[in-house]
Amino acid sequence: MWSRRAFLRFSLTGAALAGPLLLGRRARALGDKEKFQIAQVVYTGGQWQPRASALRRLLWEIDKRTSIDPRLEPAEVRLLDPELRRYPLLYVAGDGEPSRFRDDEVERLRRHLQAGGFLLADNAEGRPGGGFDRAVRQLAARLFPGEPLGKLPEDHVIYKSFYLLQEPAGRVMVANHLEGILHDGRVVLLYCQNDLGGAWARDNFGRWEYDVFPGGDRQRELAFRLGVNLAMYATCLDYKTDQVHVPFILRRRRWRVP
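Given the structure is predicted, the values throughout are model-derived calculations rather than measurements.

This part covers helix α5 (residues 131–143). With 13 residues, α5 should cover 18 Å at 1.5 Å per step; its first-to-last C-alpha distance of 18 Å lies within 8% of that length. Here α5 has its buried residues at Gly 131, Phe 132, Asp 133, Ala 135, Val 136, Leu 139, Ala 140, Arg 142 and Leu 143. Along its buried surface, α5 packs onto β3 (89–94), α4 (103–114), β4 (118–123), β6 (179–183) and β7 (186–192).

Okay, structure coming up:
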């Protein structure tokens, strides 16, 4: 089993560099395949891609706002795909209940998360108790039976890894908290019921695809800030909520939305 540090080193700098070096070829700059890329999980049943443009728009915002060098086109990946290990941030969204994941898919995902991966589950239904909500809770229970999905504390580092946030926003405001699974001191699965993708989605003409309510543009901006925070959390090796980060966090207080 890989350590988290080894996993992220592989994911973000690329094992593909080893080939040319071993062959004695001239080293080249990192290509698109070695950049940070979010991968959306493909599954059967339900709607696995309810907000098709959402991740593309989020990656554009990550590129504009942070020092992360992302690949602007998201990937699509199945849980048994050998390329799964390349993606430190997996995104699973849905509108409706998907088919039950196979045992070997759950085991593969568990190993990926234990090695340093991060899974964001985003409920496009915009309501609790629906089919996707049930599926996420069932998957969480199968992944880590002894570490249940629970409410994320309001002072968790996810709320301050880049922007200072007080609650999760999305297309809707169904829940005023995030839920997560803590494993080895870090969040490996994060669940948002507020339809983040619906707030991020924008068409090729620059028009927002969905209205955001009740907070409008302010709420949409907060949804993007949460997405940026999650990318920072997924790509940092072992982000700790300790005194080392306090000056950095305090300097960013001006980024609070009034």
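The residue Arg 186 is located in strand β7 in this model. Taking C-alpha positions, Arg 186 is 9.3 Å from Gly 116, a pair spaced 70 residues apart along the chain. One polar contact links the side chain of Arg 186 to the main-chain carbonyl oxygen of Gly 117, over a distance of 3.2 Å.

Bringing the sheet that holds strand β5 (residues 150–151) into the picture now. Spatial ordering of the open sheet is given by β2-β1-β3-β4-β7-β6-β5, a layout of seven strands whose pairing is mixed. Single-partner strands in this sheet number two, and they are β2 (75–77) and β5. Summarising the sheet, strand β1 (residues 38–41) and β2 pair through three bridges and their orientation is parallel. Each residue of the ladder has a partner; that of Ala 39, found in β2, is Ala 75. Taken strand by strand, α5 contacts β3, β4, β6 and β7, and its axis lies near 165° from that of β7.

A few words on the nonpolar core. Ile 38, Ile 62, Phe 118, Leu 120, Ile 158, Leu 190 and Trp 200 are the most contacted members of the largest nonpolar core, which totals 39 residues. At the level of elements, α3 (54–65), β3, β4, β7, α6 (196–200) and α7 (216–235) are the ones that each hand at least two residues to this core. Per element, the largest residue contribution to this core is 10 residues, and it comes from α7. When near neighbours in sequence (up to four residues on either side) are disregarded, Leu 120 contacts Leu 89, Leu 90, Tyr 91, Val 92, Leu 190, Leu 196, Trp 200 and Leu 230. In this structure, Leu 79, Leu 90, Phe 101 and Val 188 belong to the second largest nonpolar core, which totals 27 residues.

Going through the model one piece at a time under the given rule, you end up with five aromatic pairs. Each ring, one from Trp 208 and one from Phe 224, has its centre 5.8 Å from the other, and the planes form 50°; the classification is tilted. Taken together, the residues span a long stretch of sequence, with Trp 208 in the loop between α6 and α7 and Phe 224 in helix α7 at a distance of 16 residues. Residue Trp 208 is classed as partly exposed on the basis of its relative accessible area of 32%. With relative accessibility at 3%, the residue Phe 224 sits in the buried group. Sitting over the ring of Tyr 210, Arg 51 keeps its end group 4.2 Å from the ring centre. Across the ring face of Trp 208, the terminal group of Arg 202 is positioned such that the distance to the ring centre comes to 4.1 Å.

To continue, consider the pairing of β7. Within a regular beta strand, the side chains point alternately toward one face of the sheet and then the other, so they alternate between its two faces. Counting buried positions over the seven residues of β7 gives seven, a clear majority of the element. Relative to β7, β4 is paired through four bridges, and the arrangement is parallel. Following the sheet pairing, Leu 120 is matched in β7 by Leu 190. Examined bridge by bridge, β6 and β7 share five bridges and lie antiparallel to one another. Directly across from Glu 179, in β7, lies its bridge partner Tyr 191. If you look at the hairpin formed by β6 and β7, you'll find two residues sitting between the two strands, and Asp 184 has a positive phi there, around 55°.

Before going further, it helps to examine the packing of α3 against α7. Interhelical geometry of α3 versus α7 gives an angle of 75° and a closest axis separation of 10 Å. On the basis of the axis angle, α3 is roughly perpendicular to α7. Contacts from Arg 57, Leu 58, Glu 61, Ile 62 and Arg 65 of α3 reach α7 at Glu 221, Phe 224, Arg 225, Gly 227, Val 228 and Ala 231. When its residues are assigned to classes, the contact of α3 with α7 shows five nonpolar, one polar and five charged.

Here is what the cut-offs are and how they apply
Residues numbered from 1 in each chain as written. Predicted model: local features only at pLDDT ≥ 70, side-chain atom pairs only at ≥ 80, totals over all residues. Heavy atoms only, no water. Helix = DSSP H or I, 4+ residues; strand = E, 2+ residues; numbered from the N terminus. Expected span 1.5 Å × (residues − 1). Buried < 20%, exposed > 50% of the residue type's maximum accessible area, 1.4 Å probe, protein only. Contact = heavy atoms within 4.5 Å. Polar contact = N/O pair within 3.5 Å; in protein donor to acceptor, adjacent residues only side chain to side chain. Pairing = 2+ DSSP bridges. Axes fitted to C-alpha atoms, helices over the stretch in contact; angles between N-to-C directions. Core = buried A, V, L, I, M, F, W, Y, C linked by side-chain atoms within 4.5 Å. Phe/Tyr/Trp six-rings, centres within 6.5 Å; stacked < 30°, edge-to-face > 60°. Lys NZ or Arg CZ within 6 Å of the ring centre and 35° of its normal. Parallel < 35°, antiparallel > 145°, perpendicular 65-115°, else oblique. Nonpolar A, V, L, I, M, F, W, Y, C, P; charged D, E, K, R; others polar.

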